[in-house]
Amino acid sequence: MHDDGFHVYDTTLRDGAQQEGLNLSVADKIAIARHLDELGVGFIEGGWPGANPKDTEFFRRARTELGLKHAQLAAFGATRRAGAKAADDPLVAALRESGAPVVTLVAKSHDRHVELALRTTLEENLAMIRDTVSHLHAEGQRVFLDAEHFFDGYRSNPAYAVEVVRTAAEAGASVIALCDTNGGMLPDELADVVAEVGASGARLGIHCHDDSGCAVANTLAAVRAGVTHVQGCANGYGERSGNANLFTVVGNLQLKRGHDLGIRLSEMTRVAHAVSEVTNLAPGPQQPYVGMSAFAHKAGLHASAVKVDPMLYQHIDPALVGNDMRMLISSMAGRASVELKGRELGYELSGEKAKQVVGRVKELESSGYTFEAADASFELLLRAELDGVRTRFFTVESWRTIVERRTDGSLMSEATVKLHAKGERIVATGEGNGPVNALDRALRSALERIYPELSALELVDYKVRILEGTHGTEARTRVLIESSDSTGEWGTVGVQDDVIAASWDALEESVTYCLLRAGHAPA
């Protein structure tokens, strides 16, 4: 574990899992914990054993399956019930028996919540904190306390909120995390409160929600005001507007504030995307540091400057966080954008050729194409402009699709593709759950015998957009397809008046690019 002087505490598996639409299995939680451990976080909050059967199972399996190398596992729970003893409370017993070396207790620090939600007295709430913390501490577990609704409570009754902090610290809690549970604080106000509470002598942490869009800023402000323990969630997951994005927090602290947190920042982008895969939530492209668009440049003016010095329009070297600079090709792109993008793809462009490509891009985009998410289509366009001929591995004679509605009400699509490849005329058919799926199967069926690499080709995303300024069933349509094989992913685009024709164009380019990647020579 890294130096105990500053804590990075992840709560993705508990607080992050409260996000709408996010459901984690025990296996998912174990996989995410491993990724976070690889990143180098100090503490991973696994869930609430005893209150949630899935979390109880997680802690049981974690003992033998997890094998953390850097992080310590924390079990989350509440203080004992009013009027009971901590030693006799079954939920406290579940924390004690969880096997976690750290327990994080949530406790009320807002007087109104104590009286209205807990329905007990302010004195009994303090006794609940004192009894539970001291009991778990005496049992050999390290105890952190999350002071829930602390900042709202401090506004309502500052003396009582501070007394909660003091009571927990005196009972043996090594950190008291001040929670902006409703997410409504602003950085200057929050920093003032943290500085005032710091006079209590307790070691303070910070836990922020993002309802006002300030969770990361509030966390940084709290660190500046004296806290030495930060909490957050991978990719900013959490209920309502989410929690402080832990990746953004540690990126800022380590790169901008000079804190040595022990975080392997060069792995951060990979870990962020790996967690997204486990949660089955699309990665946020504009997420700071780790988003796909975090270091993407589109406007020609920006690209011209980046060509001279990438740092003119980037706040850090993206390699520091495991990300990459990307050039986006669009109607806003100038010659510098095209030259840099060409270089990124392995082509040297200059002078008239670059100007020619820019002109072609702008011409196509004016008719509805976009190349920002279609790097493969752009590379094929680039090769066509440089070579004077389109890259082809096969020539299509014709294709057609039929959609059949059967007597049982089910629909089945069938496609026929006729093409020429390596001197052969090939006719192939395919069935699918839609015309595009049927065309995809027919095209690959026609070519797989000649090009076995296509057996690994997979369509992973399909997007259709009716283009602006067109209406009704005769509207012009753009289709973006994302494909993958065993080594990578790429995007292609098609634009036609007919959605199936646009889909075919994107499919044909995807197959062409797959064969180009595989090293085949064009026909």
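Residues numbered from 1 in each chain as written. Predicted model: local features only at pLDDT ≥ 70, side-chain atom pairs only at ≥ 80, totals over all residues. Heavy atoms only, no water.

Asker: I would appreciate a short explanation of the pattern of salt bridges in the present structure.
Answerer: Working definition: two side chains of opposite charge can pair if their charged atoms are close together. Applying the stated criterion across every chain, the model contains 27 salt bridges. A salt bridge links arginine 270 to glutamate 38; the shortest N-O distance between them is 3.0 Å. In this pair, arginine 270 sits in helix 11 (residues 268-279) while glutamate 38 sits in helix 1 (residues 26-39), placing the two residues 232 residues apart along the sequence. By relative accessible area, which is 37% here, arginine 270 ends up partly exposed. A salt bridge links aspartate 497 to arginine 476, with the nearest nitrogen and oxygen atoms 3.0 Å apart. With aspartate 497 in the loop between strand 16 (489-496) and helix 17 (499-517) and arginine 476 in the loop between strand 14 (458-466) and strand 15 (477-484), the pair connects residues that are 21 residues apart, well separated along the chain. A residue is classified by how much of its surface remains accessible, and aspartate 497, at 52% relative accessible area, is exposed. Where salt bridges share partners, they join Asp4, Arg142 and Arg203 into one cluster. (Salt bridge = Lys/Arg side-chain N within 4 Å of Asp/Glu carboxyl O. Helix = DSSP H or I, 4+ residues; strand = E, 2+ residues; numbered from the N terminus. Buried < 20%, exposed > 50% of the residue type's maximum accessible area, 1.4 Å probe, protein only.)

Asker: How should I be thinking about the sheet that holds strand 15 in this particular structure?
Answerer: In any sheet, the strands associate via hydrogen bonds between backbone groups, in a parallel or an antiparallel arrangement. Read across the open sheet, the 3 strands follow the order 14-15-16; overall the sheet is antiparallel. The open sheet has two edge strands, strand 14 and strand 16, and neither has a second partner. Neighbour-to-neighbour, the strand axes of this sheet turn through a mean angle of 15°, independent of strand direction. With 8 bridges joining them, strand 15 and strand 16 adopt antiparallel strand pairing. The residue of strand 16 that forms the bridge with threonine 477 is glutamine 496. (Pairing = 2+ DSSP bridges. Axes fitted to C-alpha atoms, helices over the stretch in contact; angles between N-to-C directions.)

Asker: Teacher, can you tell me more about the side chain of threonine 279 here?
Answerer: On the secondary structure map, threonine 279 appears in helix 11. Within the structure, the side chain of threonine 279 is placed 3.1 Å from the side chain of tyrosine 237, a separation counted as a polar contact. Apart from the residues lying within four places of it in its own chain, the contact partners of threonine 279 are Leu22, Leu24, Ile32 and Tyr237. (Polar contact = N/O pair within 3.5 Å; in protein donor to acceptor, adjacent residues only side chain to side chain. Contact = heavy atoms within 4.5 Å.)

Asker: Any chance you could explain the packing of aromatic side chains here in plain terms?
Answerer: Between two aromatic rings, the relevant description is the distance of the centres plus the angle of the planes. By the definition in use, this model includes 12 aromatic pairs. For the pair tryptophan 48 and phenylalanine 76, a centre-to-centre distance of 5.4 Å together with 75° between the ring planes defines the contact as edge-to-face. Of this pair, tryptophan 48 sits in the loop between strand 2 (43-47) and helix 2 (53-65) while phenylalanine 76 sits in strand 3 (residues 72-78), and the two are 28 residues apart along the sequence. Judged by its relative accessible area of 4%, phenylalanine 76 falls in the buried class. (Phe/Tyr/Trp six-rings, centres within 6.5 Å; stacked < 30°, edge-to-face > 60°.)

Asker: What is the right way to read the packing of helix 15 (residues 375-387) against helix 17 from this model?
Answerer: Angle between the axes and distance between the axes are the two parameters that describe a pair of packed helices. Packing of helix 15 against helix 17 leaves a shortest axis separation of 10 Å and a crossing angle of 75°. By the criterion of interaxial angle, the relationship of helix 15 to helix 17 is roughly perpendicular. Every residue of helix 17 that contacts helix 15 at Ala376, Ser377, Glu379, Leu380 and Arg383 is listed here: Glu509, Thr512, Tyr513 and Leu516. Here the contact of helix 15 with helix 17 is built from residues that sort into 4 nonpolar, 2 polar and 3 charged. (Parallel < 35°, antiparallel > 145°, perpendicular 65-115°, else oblique. Nonpolar A, V, L, I, M, F, W, Y, C, P; charged D, E, K, R; others polar.)

Asker: Any chance you could explain the nonpolar core here in plain terms?
Answerer: Proteins that are soluble and globular tend to have nonpolar side chains buried together. Counting 85 residues, the largest nonpolar core has Leu145 and Phe150 as the members making the most contacts within it. Per element, the largest residue contribution to this core is 7 residues, and it comes from helix 7 (residues 158-171). Ranked by size, the runner-up nonpolar core spans 34 residues in total, among them Phe394, Ala428, Ile500 and Tyr513. (Core = buried A, V, L, I, M, F, W, Y, C linked by side-chain atoms within 4.5 Å.)

Asker: What should I look at first to understand a nonpolar patch on the surface in this one?
Answerer: The grouping of Leu459, Tyr462, Val464 and Val499 at the surface amounts to a nonpolar patch, some 270 Å² of accessible area in total. Broken down by element, the nonpolar patch gets its largest block of residues, 3 residues, from strand 14. Here valine 499 lies in helix 17. (Patch = residues over 30% accessible without salt bridge, like charges linked within 9 Å, V, L, I, M, F, W, Y side chains within 5 Å. Areas by Shrake-Rupley, 256 points an atom, 1.4 Å probe, with all protein chains shown as cover.)

Asker: I'm lost on helix 5 (residues 122-138) in this one. Help?
Answerer: Along an α-helix, a turn takes 3.6 residues, which lines up residues three or four apart on a common side. The end-to-end C-alpha separation of helix 5 is 24 Å, in line with the 24 Å expected for 17 residues at 1.5 Å each. Listed in full, the buried residues belonging to helix 5 are Leu122, Glu124, Asn125, Leu126, Ala127, Met128, Ile129, Thr132, Val133, His135 and Leu136. Residues of helix 5 that are buried sit in contact with strand 3, helix 3 (90-96), strand 4 (102-108), helix 4 (111-118), strand 5 (142-148) and helix 7. (Expected span 1.5 Å × (residues − 1).)

Asker: Help me out: how do you make sense of unusual backbone geometry in this one?
Answerer: Both trends apply: most residues other than glycine have a negative phi, and most peptide bonds are in trans. Although it is not a glycine, asparagine 235 adopts a positive phi angle of roughly 60°. You can see asparagine 235 is positioned in the loop between strand 8 (229-232) and helix 10 (246-255). Backbone geometry places asparagine 280, a non-glycine residue, at a positive phi of 60°. Its place among the elements puts asparagine 280 in the loop between helix 11 and strand 9 (296-297).

Asker: Hey, could you run me through the environment of serine 200 in this one?
Answerer: Secondary-structure assignment places serine 200 in the loop between helix 8 (187-197) and strand 7 (204-208). Among the residues examined, serine 200 registers a relative accessible area of 25% and is labelled partly exposed. Between the alpha carbons of serine 200 and alanine 33 there is a distance of 34 Å; along the sequence they are 167 residues apart. Residue contacts for serine 200: discarding those within four places in its chain leaves Val162 and Val165. Here valine 197 takes part through its backbone oxygen, which lies 2.8 Å from a polar atom of the side chain of serine 200.

Everything listed here is a matter of geometry and, on its own, says nothing about what the molecule does.
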